[in-house]
Amino acid sequence: MTAPGKAGTFPRPHEGKLEQKGSMKIRFRLPLKLRLFLPLTLIIVTVITLVTLWFVRSSISTFNQQLETTLQLEVKTISKMFERERVLKLENVESNLRVANNQFYDSPLQILEESVTAEVENQDTGEKHMATLNQWVHDGHLLHESHAFVDGLADLIGGTVTIFQQVDSGFVRISTNVRLTDGKRATNTYIPNDSPVGESIIKGETYFGRAVVVDEWYMTAYDPIIMDEEVIGMLYVGDREKDMEELNRILQELRIGESGYPFVVDKTGQILIHPSMEGEDWSDTDPFDQMLNQTEGTFHYQKNGQQRTLAFSYFEPFELYIAASIIKDAENRDIVRGAIRGASVVALLAIIFLLAFIYRFTTDRIYSYFTALKESEEKLASAQSALKQSQKLASMGQIAAGIAHELNNPLGVITMYSNIVLDELEKDDPKREDMQLIVQQVDRCKNIVGGLLNFARKNKVKADEVDIIDFLEKSLKSVVVPEKVATNIEEDLADRRVMVDTEQMVQVFTNLAKNAVDAMPDGGTLTISVKGDEENVYIEFSDEGTGIPEEHMEKLFTPFFTTKKAGKGTGLGLSLVYGIVKMHQGKIQAASNTDPEKGPTGTTFKIKLPREPK
Ligand code: ADP
Ligand code: MG
């Protein structure tokens, strides 16, 4: 079938215009989905990113907090270690004192009548004065001259042992294994009465404490030597308080995380234990300033451009600071990376999941809602325009019917009388030709009036059953078809029977055929295709003519619309066609193409006719 125009994509009248109108209200373009989706995407991405950043930040700060706690714990552990060491030493010195007492009182102490005068030295102030010392004999030895007891005892218990004799100013070492820096025994030095040791002993109490003996700290124990209920001297044992080398070894092995280590500074700022700075003076550094006079704390400071965190605790019994420091960045590098990596993955997954979810359940729905809205608007618009068109045609039909009705009677009278006059005229009467012309033209007028009445549906349908193909072929016979134009009927029908008013329907087919012929002055093919189902038959008249311009489409079916020369066209053809089809409860539509660039030009009229009009 040669179907010019766009059969199948039958444009509705006004279509272009209406779409424009629709697109002004709501823009239904392709990016609609995107426009719905983008703001949601933006919100989700922003929210998740913020949550992720917050999460990363808080995990880092939690980690740093933990780092500080770890440092503080480390310092506490070391303090405990020191404390345990101290307690051990104390216990040690206590038991040593017991041993010393046992040994000392095992042998009798004799105080001779003779005395010696010696120069004694205050161990704290270095003041010297002369003092009278009694001669003490112990285990047969003159204590002042013999060190057998103290040396023997020291061999047994270790540490230092001294026997003191009380003089007016204090307690003088008369027998000792404590040696001065020059290697000599520290005899004749004395602890003054107003020292803590002196005060306790005078009261008859045992004294435990720590003391610098020569230049080392010792855990010390002093026990009064009492004779006849009177303090006459004291017995001393001492143990080196802290074994620095031992502690040093333990602390050096301690590592905290990747970059942390413990260290020990005494209260003057001397570094006692440190993996690399042992023995250095730390007294005028920033961190030491912060530690000074504090019992414990945690703070941050810069060293070699690195942020360090330091926790410390002052260990009172040994008068030193135990500290531990760490490079923050070195420690949290891994956790920061891990947190960022983990959080990013989770965030990305969350974003993808949420977007997919939203896309699936929200955007898609909104989109289909809008699409449906658009479709129904379009439908409404086309229905409205169809209604307008048919209302227009209907009101025109009423006017036309009125005029036709009024003209019908006078035309009948003119026909009758002109025929009478014609009959009465002689055969050779010169007026006869004029009269014949009047009769012809009146006939024509009657036809026009009849057409108008048809258009206005004023006529009734007198339906008879026909074979539609036969009927079409017969109808075409009354159309003058030039040689250049071919006609072709294509049939696809199971049942050819249709009920039509034959007198009227013949006018529909002849008019459509005439118009098609008129539209193909250079020749072409008029194809008439007939299809059908149980209810209807569908007849299409397709020509290969010049086509109908868009702007004429609207006026096509209105009475008196013509583009043909006066005398050639009346403009009533299609209005008649329209009226008759309507009377048969059928439908007619036209589609056309005038633009050779868009495809072959031509026009198609589609008619739908019910097999049996009611
Ligand atoms: P008329 O044929 O007397 O002009 P019609 O109502 O039959 O009146 O047709 C109206 C107008 O419609 C025609 O003048 C013509 O411009 C256009 N027309 C109708 N049919 C066709 C067609 N097949 N091809 C091109 N134009 C057509
Ligand atoms: Mg015509």
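Conventions we followed
- Residues numbered from 1 in each chain as written.
- Chains lettered and ligands numbered in written order.
- Predicted model: local features only at pLDDT ≥ 70, side-chain atom pairs only at ≥ 80, totals over all residues.
- Heavy atoms only, no water.
- Domains from an automatic or database assignment.
- Contact = heavy atoms within 4.5 Å.
- Buried area = accessible area lost by both parts, 1.4 Å probe.
- Pairing = 2+ DSSP bridges.
- Helix = DSSP H or I, 4+ residues; strand = E, 2+ residues; numbered from the N terminus.
- Phe/Tyr/Trp six-rings, centres within 6.5 Å; stacked < 30°, edge-to-face > 60°.
- Buried < 20%, exposed > 50% of the residue type's maximum accessible area, 1.4 Å probe, protein only.
- Near = heavy atom within 4 Å.
- Polar contact = N/O pair within 3.5 Å; in protein donor to acceptor, adjacent residues only side chain to side chain.
- pLDDT = per-residue confidence, 0-100.

Draft legend 1. Layout of the domain arrangement of the chain. On domain assignment, one finds that the chain holds domain 1 (42-98 + 258-363), domain 2 (107-240) and domain 3 (459-610). Each of domain 1 and domain 2 has a C-alpha centre, and these two points are 49 Å apart. In this complex, domain 1 contributes 11 residues to the contact, which on the side of domain 2 involves 14 residues. Buried area between domain 1 and domain 2, both sides added, is near 1100 Å², and the carbon and sulfur share of it is 66%. Together, Val 93, Asn 96 and Leu 97 form the three largest contributors to the area buried by domain 1 at its contact with domain 2, with a combined 53%.

Draft legend 2. Representation of the pairing of strand 1 (residues 109-122) within the structure. One ladder, built from 10 bridges, connects strand 1 with strand 2 (residues 128-138); its direction is antiparallel. Among the inter-strand pairings, Leu 109 is bridged to a residue of strand 2, identified as His 138. Counted between consecutive antiparallel strands, the loop separating strand 1 from strand 2 contains 5 residues, among which Gly 126 sits at a positive phi close to 80°. Two strands pair when backbone bridges link them, and strand 1 and strand 6 (residues 189-192) are joined in this way by 2 bridges, in the parallel orientation. Directly across from Asn 122, in strand 6, lies its bridge partner Tyr 190.

Draft legend 3. Spotlight on the packing of aromatic side chains. Tallied over the full model, the rule gives 20 aromatic pairs. On the numbers, 5.8 Å between centres and 85° between planes, the contact of Phe 288 with Tyr 321 is edge-to-face. Here Phe 288 is found in helix 6 (residues 286-291), whereas its partner Tyr 321 is found in strand 14 (residues 320-327), with 33 residues between them in sequence. For the residue pair Phe 288 and Tyr 321, the accessibility class agrees, reading buried in each case. By way of ring pairs, the aromatic residues Phe 288, Phe 299, Tyr 301, Phe 312, Tyr 314 and Tyr 321 are connected into one cluster.

Draft legend 4. View of the site of ligand 1. The full set close to ligand 1 counts 18 residues, and Asp 543, Thr 562, Thr 563, Lys 564 and Leu 574 are the nearest of them. In this structure, Thr 562 approaches ligand 1 through a side-chain N or O atom, which is 2.5 Å from an oxygen atom. Separating an oxygen atom of ligand 1 from a side-chain N or O atom of Thr 563 is a distance of 2.4 Å. Elements represented by at least two residues in the shell around ligand 1 include exactly helix 10 (502-519), helix 12 (573-583) and strand 21 (602-610). Sorting elements by how many residues they give to the shell around ligand 1 places helix 10 first, with 3 residues.

Draft legend 5. How the structure looks around the confidence of the model for the chain. The share of residues in the chain with pLDDT of 70 or more is 92%, and the mean pLDDT across the chain is 86. With pLDDT under 50 throughout, residues 1-28 is counted as low confidence; its partners more than four residues away or in other chains account for 45 contacts.

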